[in-house]
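# Structural overview for review
What follows is each chain in one-letter form.
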Amino acid sequence: MDIIIQLIVSFFATAGIAIIFNVPRKTLFHCGFVGVVGWLIYFVLTEHEMDVVNASFFGSFVVAIVAHLYARRFKMPMIIFIVAGIIPLVPGGMAYNAMRNVVEDDYLQGLQYGLKAFLITGAIVMGLVFAEVFMQLIFRAMYLSKTNIKKVYKK
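Now for a quick tour of the structure.

Criteria and thresholds
Residues numbered from 1 in each chain as written. Predicted model: local features only at pLDDT ≥ 70, side-chain atom pairs only at ≥ 80, totals over all residues. Heavy atoms only, no water. Helix = DSSP H or I, 4+ residues; strand = E, 2+ residues; numbered from the N terminus. Rg over C-alpha atoms; globule rule 2.2 N^0.38 Å. Buried < 20%, exposed > 50% of the residue type's maximum accessible area, 1.4 Å probe, protein only. Contact = heavy atoms within 4.5 Å. Areas by Shrake-Rupley, 256 points an atom, 1.4 Å probe, with all protein chains shown as cover. Phe/Tyr/Trp six-rings, centres within 6.5 Å; stacked < 30°, edge-to-face > 60°. Lys NZ or Arg CZ within 6 Å of the ring centre and 35° of its normal.

This next bit is on the overall build of the protein. The helix and strand inventory of the protein stands at six helices and zero strands. Of the regular secondary structure in the protein, the N- to C-terminal order runs α-α-α-α-α-α. At 19 Å, the protein has a C-alpha radius of gyration far larger than the 15 Å of a compact globule built from 155 residues. Looking at the protein as a whole, 35% of its 155 residues qualify as buried. In the protein, 67% of the contacts between residues at least 6 apart in sequence involve partners at least 24 apart. As displayed, the protein has an accessible area near 9,900 Å², and 71% of this comes from carbon and sulfur atoms.

Here it is in structure tokens:
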């Protein structure tokens, strides 16, 4: 039951951010779905004892893959789907706890929270970059295979 509530909340959070960023109405549901997929990957991996940094990497990787597919389907920039989709993965609560602990003069705990938030943010960025490279390799291979097939048919 907990996972269903988490997925519903992540859908509405992602769709809400998409509304704030004025995405086209026909993509609101799809933006919400991208966020749900990313959060589902993150949630399942953390429930299976994976570190949150690695889970954030894989969640953002999947978000970028799905965003690529939707961008091609709707002929829109993929940033529309990525910005909304990574919102559930952003470690805002952890960054808040880091600042709160620093203000309360608990520097060691604040440093731990801050470093973990920094690592998660880096993992999200790396997941997006790796997915971009992965998709470019796939699209290039598809393009090259199409051109090779055309050359065969011309002969």
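On we go from here.
Our focus in this paragraph is the packing of aromatic side chains. According to the stated counting rule, one finds eleven aromatic pairs in the structure shown. Between Phe11 and Phe12, the aromatic rings sit 5.5 Å apart at their centres with planes inclined by 80 degrees, giving edge-to-face as the arrangement. Taking relative accessible area as the criterion, Phe12 reaches 57% and is therefore assigned exposed. Each ring, one from Phe33 and one from Tyr70, has its centre 6.4 Å from the other, and the planes form 65 degrees; the classification is edge-to-face. Here Tyr70 lies in helix H3 (residues 52-74) and Phe33 lies in helix H2 (residues 28-47), a separation of 37 residues in the sequence. On the accessibility criterion, Phe33 (33% relative accessible area) is partly exposed. Given a relative accessible area of 13%, Tyr70 falls into the buried group. Here Arg72 stacks its cationic end above the ring of Phe139, 3.7 Å away from the centre of that ring.

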